[in-house]
Amino acid sequence: MSTAPNAPTPAPRRRLASLRRFARSRSAVAGAAGLLVLAALALFAPLVAPFDPAAQDGEPLLGPSGAHLLGTDQLGRDILSRLIYGARASLVAAAGAAAVGAGIGVPLGLLAGYLGRWVDAVAMRLVDLLLAVPGILLALVIIVVLGPGRLNLILAIGIGAVPEFARLTRVATLSIRDRDFVLAARGMGASTPDTMVRTVLPNVLGPIVIQLVVTASMAVVVEAGLTFLGLGTPPPAPSWGGMLQDARSYLYQSPSYGLFPGLCLVATVFCLDRIGRGLQLAVSGSGPHVAARVTTGGAV
Amino acid sequence: MTISPIQSRLIARRTLLRTGFLAAGALAGAPLLSACGSGSAESGGGTTGKITLGTTKIMQFDPYLTNTDIHIHSFYTYLVDYPSDGTYKPIPAGAEKWEFAADRGSVTITLRQATYHSGAPVTADDVVTGVKRAQDPDAGFTLAQPTGFIAAATAVDNRTVRLDFKRPTPEPLVLDWMFAFPLVPAASNTPAKLEHEPAGSGPFRLVEFQRNQRLVLKKNPDFYDAGKPFLDEVEYRFFTDEDALVAALESGSVDGAAYIAFRHADRLRDRYTLVEGNGRMSIFFMNALIPPFDNKLLRQAVGRAIDRERILKQVNFGIGDPVYTAFMPSSPAFEPAYLDSHRFDLDAAAALLERSGGARKAVAGVASGTPDVSKLEIIQADLKKIGFDLEIAPQEEAAYLDALFASKLQCTAAAQPNNMQSPSLVARGRQMLTTKANTTFGDKVPPAYVEAVDAAGSAITPEAQKTAYAALNAVLVEEAWAIGISTMPSLFALDKRITGLVTDVRDFVNLTATKG
């Protein structure tokens, strides 16, 4: 492994300092705790949910009661159980879309920023092409072409997030590619891929991690939006967006029905937003990289 | 809290002022409000006026198309009318009288002396041209199959036309055809010419049409039925979203909302007049061209796993009636016994599923955001109980229709029109055709079905009709590719001052006797 001789701060110490800064933000910690609870509920849904989310056993459109804490939907399914299971769709979409976006965008940005010249030009024009189409429209087109389904939904949202990751990574790479520790790594004989992966990438990870959280937050909303339009998670799998779509038809018969999936969406996005802010605090000034600007809206 | 004399006086003065303002406002506002409304010139059920109807339906001016139910009766006169109560006693309309040959091999129709909106007289040549168009499968659209019994149309004189049949044909089938046959000037009777402008002799004339925005109609003073229509003007406003349409109704922007979903019924019932139209049927179609539904026993198994009562209660909000084969309760072929003998029974379904030995997985296509999704979810949950995995794949509406018409869906829930008093008209829909154009069977349409449709379309005597309809029902039950779920009446919410809005047996709006 090639080691930069004048890297400013050892990685473990830097990470510890970042963690301390994150922990100092109460709202970030609360957001992380909220998300952990949600993730645990989603993971252990079969143990936690009082009913099978697809079981149409109850009376339709019951209000909250002892038997059904949040009531039942139009087909007599337990709303609480569907909310708990629905968290899976949202969190899987969030994690999947962020992974797809980063998985394509980060290597693209790294190559463009580090190699420059025609590679940079081609990569950035590709990114410009993606940026030219509004994110939600791009996702709709992808879903219509590939067909509805969870995997296609993740791909659709993730591809929409590629430009942000690519541009962010490129800017951060450009800012450090001529720094001494990178030149030293090259001077010590490290190959170009090795330098990019082992020396440059770890030093641009901070803003990428923040972008991951931002993308996840937007993916939750877009997943709900596409499912609301009937193009996301197919029935009977519960999804908060699908529940909102159903509830919309029964607003007058059961006003509380639409309230709960809406609240879940707001809470999840709020948690992710707080985590993103906390990470921003944690990352700023914690390494040799320039604190790159993280996109906070309208990317997907 | 105590009130001082000064405060008391102030309050009294304020109260007085407020009362005065309210009284003045009421006096000034009453005429203003009545002027602002799109209401009638005569209140309390008067005979003139204007109404504004909101709709989410698309507009076509070609009466040979079916997606014209909201307004087409306003522009066109048909040869006969049926009463709006769902019965089939013919009422002379474009045809003044008609006479069947003793052998039921032809009918001679005398046209009423009437004029089109252009001022030109209605002639027998127009009927002859119209029949020729209906016989052309590319231009006849939904009239093509029902016109199949006609061999030739001949203009006897200017107002008399004779239709010769290919073989003796039952009167109900001819009357159903006459009911669906519009009078259109020969020169205008092409899909291209009727695409943008109507050309009829109906109760209303076109004044203005802005696509996706508004359509304004004015009373036709030359309408054959003297004194009708009662309304002077009708305006349609188009909405892309049904909730926006209902909100417009509640805000008073429109006087009526047409073809709204059942879910609005309970909420609007007290404040508006709810009108239930004759509607259509909801049918569960299974595609015999694609596995697993190429297996007849499997189709029969699914037929026994459809819980009609629950669908009616939870999806239709209690509106409509169950059906098993594709015949409305008003049809002479409606056979309620099948609802009992083939009722929802998961044990019977499981036994049939076991016997079928077929795959236990299928995908149902459906247009996203429609009540059909909920129907499929109910069927899906029941099928799961007997070990059959039905996946639901909602699609954007255009993509869904493309897949449906291209026979790419394994199964779906879709609407089927009323077959009126002629059960052989069941073969109008693409999934029900007796030809290789049938999207469910292709060139393997069951011969027994072809024979049964043919027999139903040629049975003259009541006894022969009874036998033919029973045979048609039997083959539909046996082949089980189109399983009836329920009727789906259309629903209108109207301002209480509007009366007389009805739909005909095809579920087309008829405003001839509407008062506002």
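Residues numbered from 1 in each chain as written. Chains lettered and ligands numbered in written order. Predicted model: local features only at pLDDT ≥ 70, side-chain atom pairs only at ≥ 80, totals over all residues. Heavy atoms only, no water.

Note the cut-off: UniProt positions are given in the numbering used here, feature names are shortened, and annotations may be inferred rather than shown by experiment.
Per an unreviewed UniProt entry, chain B goes by ABC transporter substrate-binding protein and derives from Phytohabitans maris. The UniProt entry for chain B carries the following comment under Sequence similarities (unreviewed entry): "Belongs to the bacterial solute-binding protein 5 family."

An unreviewed UniProt entry lists chain A under the name ABC transporter permease, from Phytohabitans maris. On record in UniProt, under Sequence similarities (unreviewed entry), the comment for chain A is "Belongs to the binding-protein-dependent transport system permease family."

1. Thoughts on the overall build of chain A
This is how the line gets drawn: Starting at the N terminus, helices and strands are each numbered in turn, a helix being any DSSP run of H or I of at least four residues and a strand any DSSP run of E of at least two. The cut-offs for exposure are 20% and 50% of the maximum accessible area for each residue type, with area from a 1.4 Å probe on protein chains only; residues under the lower value are buried, those over the upper are exposed, and the others partly exposed. Residue exposure ignores everything except the shown protein chains as possible cover, and the areas themselves are Shrake-Rupley values with a 1.4 Å probe. As used throughout, the charge tally considers Lys and Arg to be positive and Asp and Glu to be negative, leaving His and the chain termini uncounted. To locate a charge, take atom NZ for lysine, CZ for arginine, CG for aspartate or CD for glutamate.
When you go through chain A residue by residue, the secondary structure sums to 11 helices and 0 strands. Its helices and strands taken in sequence order, chain A reads α-α-α-α-α-α-α-α-α-α-α from the N to the C terminus. Each principal axis of the C-alpha distribution contributes one length, and for chain A these read about 75 × 45 × 25 Å. By the burial criterion, 52% of the 300 residues in chain A qualify as buried. Surface accessibility of chain A: about 13500 Å² in total, with carbon and sulfur atoms responsible for 68%. For chain A, the centre of its 23 positive side-chain charges and the centre of its 14 negative side-chain charges are spaced 14 Å apart.

2. Observations regarding the interface of chain B and chain A
Operational definition: Two residues qualify as a contact provided that any one of their heavy atoms is within 4.5 Å of a heavy atom in the partner residue. The term buried area denotes the loss of accessible surface (1.4 Å probe radius) that occurs when two parts are joined, taken as the sum for both partners. Any pair of nitrogen or oxygen atoms within 3.5 Å is treated as a polar contact; in protein, a donor-acceptor pairing is required on top of that, and neighbouring residues in sequence qualify only through side-chain atoms on both sides. For this scheme, ten residues count as nonpolar: Ala, Val, Leu, Ile, Met, Phe, Trp, Tyr, Cys and Pro. Four count as charged, namely Asp, Glu, Lys and Arg, and the remainder, Gly too, count as polar.
At the junction of the two partners, chain B supplies 20 residues and chain A supplies 19 residues. Both sides together, the interface formed by chain B and chain A hides about 1800 Å², and carbon and sulfur atoms give 48% of it. When the area that chain B buries against chain A is broken down by residue, the three leading residues are B:Arg263, B:Gln314 and B:Glu377, summing to 28%. Taken together, the links from chain B to chain A amount to 8 residue pairs in polar contact (both at pLDDT 80 or more). Listing elements by their share of the side of chain B that touches chain A, those giving two or more residues are helix H6 (242-251), helix H9 (308-314), helix H12 (371-385) and strand S15 (389-395) of chain B. If one sorts the elements of the side of chain B that touches chain A by residue count, H12(B) sits on top with 6 residues. Looking at side-chain class alone, the side of chain B that touches chain A contains 6 nonpolar, 5 polar and 9 charged residues.

3. Examining the UniProt feature "transmembrane region" (unreviewed entry) in chain A
All names here are of chain A. Per the UniProt entry, the sites bearing "transmembrane region" (unreviewed entry) are residues 91-114, 126-145, 151-169, 208-230 and 250-272 in this numbering. For residues 91-114, the helix share is 100%, the strand share is 0%, and the end-to-end C-alpha distance is 33 Å. Annotation note: span residues 126-145, helix share 90%, strand share 0%, distance between end C-alpha atoms 20 Å.

4. Things to note about the UniProt feature "domain: Solute-binding protein family" (unreviewed entry) in chain B
The UniProt feature table records "domain: Solute-binding protein family" (unreviewed entry) at residues 89-409 of chain B. The span residues 89-409 of chain B shows a helical share of 30% and a strand share of 23%, and its end C-alpha atoms are spaced 39 Å apart.

5. Observations regarding the packing of aromatic side chains
Residues and elements named next belong to chain B. Here is the rule we go by: We call Phe, Tyr and Trp rings a pair once their centres come within 6.5 Å, taking the six-membered ring for Trp, and we label the pair stacked below 30 degrees between planes, edge-to-face above 60, and tilted otherwise. Two limits define a charge over a ring: the Lys NZ or Arg CZ must be within 6 Å of the ring centre, and within 35 degrees of the ring normal.
What the rule picks out here adds up to 15 aromatic pairs over all chains. Between Tyr 82 and Tyr 88, the ring centres sit 5.2 Å apart and the planes meet at 90 degrees, which makes this aromatic pair edge-to-face. In terms of burial, Tyr 82 and Tyr 88 fall into one category: buried. A centroid spacing of 4.8 Å and a plane angle of 55 degrees characterise the contact between Tyr 259 and Phe 492, whose relative ring orientation is tilted. Highlighted residues: Tyr 259 in the loop between strand S11 (256-257) and helix H7 (265-268) and Phe 492 in strand S18 (residues 491-494), separated in sequence by 233 residues. Comparing Tyr 259 with Phe 492, the two get one shared label, buried. Through a chain of ring-to-ring contacts, the aromatic side chains of Phe 61, Phe 75, Phe 209 and Phe 238 assemble into a single cluster. Against the face of Tyr 78 rests Arg 506, its NZ or CZ located 4.9 Å from the ring centre. The cationic tip of Lys 515 hangs over the ring face of Phe 230; the distance from NZ or CZ to the ring centre is 4.8 Å.

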